[in-house]
Amino acid sequence: MIVRRLKECEGTDRQVHSETKTWDSVRMLLKDDGMGFSFHITTIYAGGETHIHYKHHLESVYCMSGNGEIETLADGKVYPIKEGTLYILDQNDEHILRGGTQDMKMACVFNPPITGNEVHRPDGSYAPAE
Ligand code: 9YT
């Protein structure tokens, strides 16, 4: 069994800061753990806006605290996000994630797992798993 604590992962290379300065993410569980998914604690900054389109990954995101919204670009629908909201990108949905008045703390799961080296490409995706 593996045990990791958020505090031990913060400030290490498991914690990445977005180039857009709109979020950071602590990847607590990655591909090399061999679980078939990865698990991240992500902070979406208040007032920020991020274009995301995970074409090669399925992601589900649970909001633990804070507030914001997600807009799915295919249909222009906007869904508020607050504590207790889970959104599930089952269609590899292209979206805009907007921070509200308070930072959002999110628990994120990716399938396939990310390796930890991915950065958002100009189209909002991460590179496919090998
Ligand atoms: C919610 C979301 O997708 N935020 C972007 C960062 C992502 N969770 C990651 O790479 O850890």
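Just above sits the structure.
Colleague: Looking at this model, I keep getting lost on the overall build of the protein. Mind explaining?
Modeller: Each helix and strand counted, the protein has 1 helix and 10 strands in total. The N-to-C order of helical and strand elements in the protein reads α-β-β-β-β-β-β-β-β-β-β. Relative to its length of 130 residues, the protein is compact, with a C-alpha radius of gyration of 14 Å against a globular reference of 14 Å. Taken over the C-alpha atoms alone, the protein extends approximately 40 × 30 × 25 Å along its principal axes. On the protein, roughly 7400 Å² of surface is accessible, and the fraction owed to carbon and sulfur atoms is 53%.

Colleague: Help me out: how do you make sense of the sheet that holds strand β6 (residues 67–72) in this one?
Modeller: Within a sheet, neighbouring strands are paired by backbone hydrogen bonds and run either parallel or antiparallel to one another. Pairing is antiparallel across the open sheet formed by 4 strands, whose spatial order is β4-β9-β6-β7. The open sheet has two edge strands, β4 (49–52) and β7 (77–82), and neither has a second partner. Averaged over all neighbouring strand pairs, the angle between strand axes comes to 20°, with direction disregarded. Here β6 runs beside strand β9 (residues 95–99); their pairing, made up of 5 bridges, is antiparallel. Looking across to β9, one finds that Thr72 is bridged to His95.

Rules and cut-offs
Residues numbered from 1 in each chain as written. Predicted model: local features only at pLDDT ≥ 70, side-chain atom pairs only at ≥ 80, totals over all residues. Heavy atoms only, no water. Helix = DSSP H or I, 4+ residues; strand = E, 2+ residues; numbered from the N terminus. Rg over C-alpha atoms; globule rule 2.2 N^0.38 Å. Areas by Shrake-Rupley, 256 points an atom, 1.4 Å probe, with all protein chains shown as cover. Pairing = 2+ DSSP bridges. Axes fitted to C-alpha atoms, helices over the stretch in contact; angles between N-to-C directions.

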